[in-house]
Amino acid sequence: MVDQSVFISIEGPEGAGKTSLINALAPELRQNLKRPVLTTREPGGNPIAEGIRNMLAADTSVNMDARTEALLFAAARRQHLVETILPALAKDEIVLSDRYLDSSLAYQGGGRRLGVDDVLALNEFAIDHVLPDLTLYLDLPVEIGLERINQQRQSKIDRLDREKLDFHQRVRETYLSLLERFPDRIVKIDANQPLEQVIQAARVELSKVLEVES
Ligand code: TYD
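Per chain, the residues get numbers from 1 upward, laid out in the order the sequence is written. Reporting in this predicted model follows two pLDDT cut-offs: at least 70 for local features of residues, and 80 or more for side-chain atom pairs to be given and counted; totals over whole chains, interfaces and linings ignore these cut-offs and use all residues. Hydrogens and waters are ignored; side-chain quantities use all the structure's heavy atoms.

Focus: the overall build of the protein chain
Working step 1: Regarding its fold elements, the protein chain presents nine helices and five strands.
Working step 2: Comment: elements are numbered from the N terminus, with helices defined as DSSP H or I runs of at least four residues and strands as E runs of at least two. Listed by position from the N terminus, the elements making up the protein chain come as β-α-β-α-α-β-α-α-β-α-α-α-β-α.
Working step 3: Here the C-alpha coordinates of the protein chain stretch approximately 50 × 35 × 30 Å along the principal axes.
Working step 4: Between buried and exposed lies partly exposed: a residue is buried under 20% and exposed over 50% of the maximum accessible area for its type, with that area taken using a 1.4 Å probe on protein chains only. Evaluated residue by residue, the protein chain yields a buried proportion of 53% over its 214 residues.

As C-alpha cells, this is what we get:
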C-alpha cells in the first residue's frame, strides 16, 4: 500500500457521473486506506476559485471571449492548486479532483476551438508541472450525457451545458485524443453502463496506483 500522496483527477462530459463516482469512492478509500482523502472540484474548491466560477456562470458572461474564458479557468485552476491541492499532497493525502487540466484542453481547446496546444501552453504556466498521477476519463456518447443532465439539472454552469451538440461532440473527441496523447496518465472508463459497474472499473484502476485490492 502506498503511503505517499496521490493525485487523481476525474474527467468527462456533462452527465457522465463524475460526482456520483467520487461520492462512492472517497468514503471507501478512507476506510480501506485509513488515510485522509480530499475531494474537490474545478472550477472552485476555495473562495477565490469559487468567485471565478461565479463569474464564468453569470448571465452577464454570455458574450465572454473564448480566450478570456480559458484564462479564467486557468486562473481558477492555479488558485485551486496552490490553496487546496498542493497543501493536501504535502500532507501525503489522496486528492480526488472533479476536473483538472484536461477539462480546459477538451472544452476550451476542442469545444471552443482554441486548440489543445495553445490551451496546454496557457495552462502550463498555471499548473507549473503538477499533473495528476492518474486521470479517470468517463466516456459517454454526447446525446446520452445531455439527456441525463436535462433530467437532473442542479447548480451547473449552464452556459457550457447549453452549447450545441457539435460543441459537446468536439469536447468528447478531444478527450479521446488526449487518451492517445497521454496514455500513461489517462485511463478511459465506459460511463454508458450502470453506476456500480463504473465504480468497479474505477476501483480496478485506482488499485493500480494505490496498491490496494479492488
Ligand atoms: P459544473 O457545474 O461543475 O458541472 P460538471 O458536473 O459537468 O463538472 O460545471 C463545470 C463546467 O465548466 C462544465 O461544463 C465544464 C466546464 N469547464 C471548462 O469548460 N473548462 C475547465 O477548465 C473546467 C474545469 C470546466
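That was the structure; now back to the text.
Some thoughts on helix H8 (residues 165–181)
Working step 1: Its 17 residues give H8 an end-to-end C-alpha distance of 24 Å, which sits within 8% of 24 Å, the value for a rise of 1.5 Å per residue.
Working step 2: Buried within H8 we find Phe167, His168, Arg170, Val171, Arg172, Thr174, Tyr175, Leu178 and Leu179. Here the expected span of a helix is defined as 1.5 Å times the quantity of residues minus one.

Overview of the environment of Tyr100
Working step 1: Of note, Tyr100 is situated in the loop between strand E3 (94–98) and helix H4 (101–111).
Working step 2: For the pair formed by Tyr100 and Ala74, sequence separation is 26 residues and the distance between their alpha carbons is 9.4 Å.
Working step 3: In this view, Tyr100 contacts Phe7, Ser9, Glu11, Glu42, Arg77, Leu81, Ile85, Ile127, Val130 and Pro132; residues no more than four positions away in its chain are not counted.
Working step 4: We define a polar contact as two N or O atoms separated by no more than 3.5 Å, with the added condition that, inside protein, one atom must be a possible hydrogen donor and the other a possible acceptor, whereas residues neighbouring each other in sequence contribute only through side-chain atom pairs. Separated by 2.8 Å, the side chain of Tyr100 and the backbone oxygen of Val130 make a polar contact. By definition in these notes, contact holds between two residues if any of their heavy atoms fall within 4.5 Å.

A few points about the nonpolar core
The tendency in soluble globular proteins is for nonpolar side chains to be buried side by side.
Working step 1: The term nonpolar core refers to a set of buried residues drawn from Ala, Val, Leu, Ile, Met, Phe, Trp, Tyr and Cys, joined through side-chain atoms within 4.5 Å. Counting residues in each nonpolar core, the largest one holds 34 residues, and the members touching the most others are Phe7, Ile85, Tyr100, Leu105, Tyr107 and Tyr175.
Working step 2: Of all elements in the fold, only helix H2 (47–57), helix H3 (66–90), H4, helix H5 (116–127) and H8 reach the threshold of two or more residues within this core.
Working step 3: Ranked by residues supplied to this core, first place goes to H3 with nine residues.
Working step 4: Once you skip the residues sitting within four places of it in the chain, Tyr107 turns out to touch Gly12, Pro13, Glu14, Arg99, Arg112, Leu160, Phe167, Val171 and Tyr175.
Working step 5: Counting residues in hydrophobic clusters, the runner-up holds 25 residues, among them Ala16, Ala26, Leu33 and Leu140.

Considerations on the site of the ligand
Working step 1: Any residue with a non-hydrogen atom lying within 4 Å of a molecule or strand is treated as near it. Around the ligand, 17 residues are found, and the nearest of them are Arg53, Arg77, Arg99, Ser104 and Gln108.
Working step 2: One nitrogen or oxygen atom from the side chain of Arg53 is found 2.9 Å from an oxygen atom belonging to the ligand.
Working step 3: For the accessible areas, the method is Shrake-Rupley and the probe is 1.4 Å, while residue cover comes only from the protein chains on display. Across the complex, the protein chains shield 95% of the 540 Å² of accessible surface that the ligand would expose by itself.
Working step 4: Counting residues per element, the ones that place at least two in the shell around the ligand are H3, H4 and helix H7 (158–161).
Working step 5: With four residues, H4 is the largest single contributor of residues to the shell around the ligand.
Working step 6: When its residues are assigned to classes, the shell around the ligand shows five nonpolar, four polar and eight charged. Each residue receives one of three labels: charged for Asp, Glu, Lys and Arg, nonpolar for Ala, Val, Leu, Ile, Met, Phe, Trp, Tyr, Cys and Pro, and polar for the others, Gly being one of them.

Thoughts on the pattern of salt bridges
Working step 1: Just to be clear on terms, a salt bridge is a Lys or Arg side-chain nitrogen sitting within 4 Å of an Asp or Glu carboxyl oxygen. All told, the structure shown has twelve salt bridges when counted by the stated rule.
Working step 2: Arg77 is paired through a salt bridge with Glu42; the nearest N and O atoms lie 2.7 Å apart. Taken together, the residues Arg77 in helix H3 and Glu42 in the loop between strand E2 (37–41) and H2 connect sequence positions 35 residues apart. Both residues of the pair, Arg77 and Glu42, belong to the buried class.
Working step 3: Across the pair Glu93 and Lys91 runs a salt bridge, and its minimum N-O distance is 3.7 Å.
Working step 4: Within the structure, one salt-bridge network assembled from shared partners comprises Glu28, Glu196 and Arg203.

Some details on the UniProt feature "binding site: ATP" (unreviewed entry) in the protein chain
Working step 1: Listed under "binding site: ATP" (unreviewed entry) in the UniProt record, and renumbered for this structure, are Gly12, Pro13, Glu14, Gly15, Ala16, Gly17, Lys18 and Thr19.
Working step 2: With respect to the secondary-structure elements, Ala16 resides in the loop between strand E1 (6–11) and helix H1 (18–33).
Working step 3: Here Ala16 is in contact with Leu138, Leu140, Arg148 and Ala191, once residues within four sequence places are set aside.
Working step 4: Turning to its location among the elements, Gly17 is positioned in the loop between E1 and H1. UniProt positions are given in the numbering used here, feature names are shortened, and annotations may be inferred rather than shown by experiment.

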